[in-house]
Amino acid sequence: MDFRSILEARRDGGRNSLDDLRVLADGAAKELIPDYQLSAWLMAAYLNPLDADETAWLTMAMAESGDRVDLTGLPKPWVDKHSTGGVGDKTSIVLIPLLAACGLTVVKMSGRGLGITGGTVDKLSSIPGFRLDLTPDELKDQAQRIGLALTGQTPNLAPADKVLYALRDATATVGSIPLIVSSILSKKLAGGAETVVLDVKCGRGAFMPTLDRARLLAASLSTTGAKCGLKTRIAISDMNQPLGRSVGNALEVREAIRVLQGEQGRFTNLCIELAGLVLEASGLAPDQVSGREVAARTLESGLAALKAREWFAAQGATIDVLAFPDALPRAKFSQSVLFDGPSGWVQTIDAETIGKTVVAIGGGRRTKTDSILLGVGLELDVEVGSPVARGSVLCTVHAESEQEAVWAAQQARGAFTLSETPIQPFDAFIEAV
Ligand code: URA
């Protein structure tokens, strides 16, 4: 087929058929279609968005463009969980053992971080010995034995997405909702998922800057999932301020461990809300409220922490980081940011500025080949709504050189705005769709 006819239809406001989209996905995966034609199609698809059927067809075509992981036979119910990504989002590290401790089987393929949104694979790589290269058989076997397993993406999973995603990044077409949906769900389908709980992040530190856009993305994920035979349950959660008290790979693992061991707060509440939703979606709870109660009790009982210890050991951890969190990497220098004004309340903490600052000192990647520094990052002492007085610590930056620590502290200070009147704190969980 001449790819120009597929391009012409998209350019002229028409539609592409399932066959057209199979040609596109297969041609992208096998590098048979040149980047200039794929880029032209992506821009045309950005301007003339795919409709609901086309989005589902593209999703299935991309899922079929490489290997499919077969997870049938796992103890039911089994679920996958996915977040659209945000600053300080270490939810999976709490949620996976929590759900397994509640009786679910959880299998997850996670990505590395790119840009300001960190990746679970990078975070977990700060645990000495932790393996993130499980084969599909090892993944399935471990999930069968202990109820949970997580690995990095297998190289040939939805390869069309790898090619298209890189081109979207380079052609300013990342923000198209049908393209985001097919990118996310094709990997879930290829990874063998049946039920997926998706956490759509919304705000300055996320892909979807506003609640309206987040709702559109959530609705499209749900419709496309149904058309592709995937059961989805979707939450929308806030990403205007960083999630939790830490941003940076090892720092986030430490925080996840504290939450598993009983630390309370806004981030813990989000984990419990999401767990409630998963328990409802998988039929282990009649509704989200009962699911939430089960999750809160399981966290409190210490069973989720025990499950995390079992998980880390099963994937090769050489040190029990729940007992010895100081075995996790830590940067050499730290610098606190003190509040220098009169007393007030924290009004905003700009997640984007915090995310960019952490990336700049080595905590994230600017390009796919960058290496990262696992111990660097930032710990927040306050959240939106916290009262502050002159001299209060707003946050502490951890960096590998004194100069970077001082620079990052100055940058981080710019993320905070203060109010002279009280500010109401708000939950991270916004709504379920
Ligand atoms: N995550 C993905 O996997 N793809 C997108 O397009 C956006 C977020």
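Parameters at a glance
- Residues numbered from 1 in each chain as written.
- Predicted model: local features only at pLDDT ≥ 70, side-chain atom pairs only at ≥ 80, totals over all residues.
- Heavy atoms only, no water.
- Core = buried A, V, L, I, M, F, W, Y, C linked by side-chain atoms within 4.5 Å.
- Buried < 20%, exposed > 50% of the residue type's maximum accessible area, 1.4 Å probe, protein only.
- Helix = DSSP H or I, 4+ residues; strand = E, 2+ residues; numbered from the N terminus.
- Domains from an automatic or database assignment.
- Contact = heavy atoms within 4.5 Å.
- Patch = residues over 30% accessible without salt bridge, like charges linked within 9 Å, V, L, I, M, F, W, Y side chains within 5 Å.
- Areas by Shrake-Rupley, 256 points an atom, 1.4 Å probe, with all protein chains shown as cover.
- Salt bridge = Lys/Arg side-chain N within 4 Å of Asp/Glu carboxyl O.
- Phe/Tyr/Trp six-rings, centres within 6.5 Å; stacked < 30°, edge-to-face > 60°.
- Lys NZ or Arg CZ within 6 Å of the ring centre and 35° of its normal.

## So, the nonpolar core
No. 1: Judged by nonpolar contacts, the single largest core of 82 residues is most densely connected at L124, I127, F312 and F416.
No. 2: The leading source of residues in this core is helix α12 (residues 266-281), at 10 residues.
No. 3: Summarising the domain contributions, this core has at least three residues from each of domain 2 (78-314) and domain 3 (329-419).
No. 4: Each residue touching I127, except ones within four places of it in the same chain, is listed here: V253, F312, A317, V321 and L328.
No. 5: Residues I177, A193, C202 and L230 belong to the second largest nonpolar core, which totals 34 residues.

## Some words on a nonpolar patch on the surface
No. 1: Taken together, the side chains of M43, Y46 and L47 make up a nonpolar region of the molecular surface, amounting to roughly 300 Å² of accessible area.
No. 2: Note on placement: Y46 falls in helix α3 (residues 35-47).

## So, the domain arrangement of the protein chain
No. 1: Annotation of the protein chain at the domain level lists domain 1 (3-48), domain 2 (78-314) and domain 3 (329-419).
No. 2: Here the C-alpha centre of domain 3 lies 43 Å away from the C-alpha centre of domain 1.

## Points about the packing of aromatic side chains
No. 1: The final tally for this structure, using the stated rule, is three aromatic pairs.
No. 2: Aromatic pair F130 and W311: ring centres 5.9 Å apart, planes at 85°, arrangement edge-to-face. In this pair, F130 is assigned in the loop between α6 (120-124) and α7 (136-146) and W311 in helix α14 (residues 303-314), connecting sequence segments 181 residues apart.
No. 3: Look at F130 and you get buried, because its relative accessible area is 8%.
No. 4: Note on W311: relative accessible area 0%, which makes it buried.
No. 5: Between W311 and F312, the aromatic rings sit 5.2 Å apart at their centres with planes inclined by 45°, giving tilted as the arrangement.
No. 6: Aromatic ring contacts, followed pair by pair, group F130, W311 and F312 into a single cluster.
No. 7: Here the guanidinium or amino end of K90 rests over the ring plane of F267, the centre of that ring lying 5.0 Å away.

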